[in-house]
Every structure is written in structure tokens, then in C-alpha cells.
Amino acid sequence: MGLAEDFVDRLRGLAFEDAFNPYTDTDPTHDVDGAPGKRRENLLAVIESASAQRVDDMWVGLAPGHKGARRTGLAFTDDFTLERHGNRWGVRVERPTHGKLISEDSASAVWEALDGIEGKVFFWNVFPMHPHEPGDPLSNRSYVRSAERDRGKGLLGELIVELKPQRLIGVGNVAHDVMKKMDIGVELHKVRHPSHGGKPEFLSQIRRLYRQG
């Protein structure tokens, strides 16, 4: 088993209270048969492609949202941007859900920001599971607990070692602060998270960081 396969396989074993594991759990309201496996295949294809290429930057958020990576298995990626994500890495990805396409505001903002950026950008989250409020699986919990953050930090460190990005972009304060405390020796930047009215500032900071306009 290769490093990417081992990494994705270990994601299946993650289990935390009030958190949906896209790579193991099934949501009967929107998942197709075999959805967790499709999400693992999507992620594996992207990681393997990224491993074989030079990764310029890694954009890291806090955790998947219920309209984004919970459905697709790919960070900052909703139903509408799933195919674009695969195309950007030259791999085939498959939609793990049925019904109408669902848009996520953060994913839309991130992919808008990515327009015009030609470098290889890999997306990830500090905590790869979708944290939700107790008893409300389709809500977005606004925080991750310390045990969730610590487990996710270890996985993030493994990806950084494997993919060797030239720069790390913390999308939001928490993601930036987590990486700042890691001994990784990689150039680190922080941008505003696009959620909760932060989209204009996020886009402006990304454009400055990539010297666009």
C-alpha cells in the first residue's frame, strides 16, 4: 500500500462525537450507494496526482462544511466545483451524492479566488471530519474540540511532509494558528476565511498574495 493509500485508509478509522466522517459515514438524505468509497477515491486520486507533481501552495481551512467536503470528500469543494477540482489535477472524480446540486458559499469563494492562479494548489482542513452541533447533523459547528484539532494536526503534518508545498495559506485564524505552532519550516501566510461576510476581504488578500491587480 502506497503512502497516499495508507493515509486515506486511516481516515476511515477516525471517529469523534458530533462529527461526520465523509470517508466512512453515509448520509441517507443525499448519499448514493457506496458514497464513502467514492469520496475516498476522489481524495486518493487528488493526493496521488499532487504527490507526483510540485505543489506550490496548500490552502488549509478549519473543517468541512455540510454543503462542501462532507458531500464531495474534497476540501473547499462542493457539488458545483467537484469536476473543476478533478480537472485541475488531471484526475477523474465522481459525485457521491444524488439530487440537485448544492452550492457552498466558502467553496464558491475559494474557486473564484483560484481563477487566474496557475500554480498547483492543494486544499485541506485541520480537521477532516464535518463537525456539527449535537443532534443536528446538517449544521456546521463553528469550532473544533482540542482532541479533534490535535488528531487533525498530525494528519496535516503528514500531508505537508508528503506533498512538500512551497507555501502554506491558513484560511482563517484557527487554521493559521495551528500551523504556526507546528515545526514545519514552510513559509506561512494567513487570509480571512470567506464565510460570515468575509468573502471580499478574502478575495482581496488572495489577490495581493498572488499579486493579481
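See the structure shown above.
Keep in mind the model is a prediction, meaning the values are calculated, not measured. (Residues numbered from 1 in each chain as written. Predicted model: local features only at pLDDT ≥ 70, side-chain atom pairs only at ≥ 80, totals over all residues. Heavy atoms only, no water.)

A. Region of interest: the layout of surface pockets. By volume, the largest pocket is sized at about 810 Å³. Considering the residues around the largest pocket, the lining is formed by 33 residues, among which Ala63, Ser106, His193, Ser195 and His196 are closest to the centre. Of all the elements, helix H7 (residues 173–180) adds the most residues to the lining of the largest pocket, at three residues. Taken together, the residues of the lining of the largest pocket break down into 12 nonpolar, 14 polar and seven charged. (1 Å grid on protein atoms, 1.4 Å probe; cavity = no way out; pocket = protein on both sides within 12 Å on 5 of 7 lines; lining within 4 Å. Points joined across faces, edges and corners; volume = space filled by probe spheres on them. Helix = DSSP H or I, 4+ residues; strand = E, 2+ residues; numbered from the N terminus. Nonpolar A, V, L, I, M, F, W, Y, C, P; charged D, E, K, R; others polar.)

B. The nonpolar core, seen in detail. Judged by nonpolar contacts, the single largest core of 39 residues is most densely connected at Met58, Phe122 and Trp124. For this core, the secondary structure elements donating two or more residues are helix H1 (3–11), helix H2 (35–51), strand S2 (57–61), helix H4 (82–89), strand S3 (121–125), helix H6 (146–163) and H7. For tryptophan 124, the residues in contact, after removing those within four places along its chain, are Phe7, Leu11, Tyr23, Leu43, Trp59, Val60, Gly61, Ala75, Phe76, Leu156 and Leu159. (Core = buried A, V, L, I, M, F, W, Y, C linked by side-chain atoms within 4.5 Å. Buried < 20%, exposed > 50% of the residue type's maximum accessible area, 1.4 Å probe, protein only. Contact = heavy atoms within 4.5 Å.)

C. Broad picture of H6. The terminal C-alpha atoms of H6 lie 25 Å apart, and with 18 residues this matches the ideal 26 Å at 1.5 Å per residue to within 8%. Among the residues of H6, those classed as buried are Glu148, Gly152, Leu155, Leu156, Gly157, Leu159, Ile160 and Leu163. Lysine 164, located one to two residues past H6, shows a positive phi value of around 50°. (Expected span 1.5 Å × (residues − 1).)

D. Main features of the pairing of strand S5 (residues 167–171). In terms of burial, S5 is a largely internal element, five of the five residues being buried. In S5, alternate side chains face the same way, and those of Arg167, Ile169 and Val171 on one face and Leu168 and Gly170 on the other are all buried. Sheet analysis places S2 next to S5, joined by four bridges and oriented parallel. Along S5, the bridge assignment pairs tryptophan 59 with isoleucine 169. When S5 meets strand S6 (residues 187–191), the two strands line up parallel, connected through five bridges. Opposite isoleucine 169, over in S6, you have histidine 189 as the bridge partner. Once the chain exits S5 it traverses H7 before rejoining the sheet at S6, and the crossover so formed is right-handed. (Pairing = 2+ DSSP bridges. Right-handed = clockwise from strand over helix to strand, strands pointing away.)

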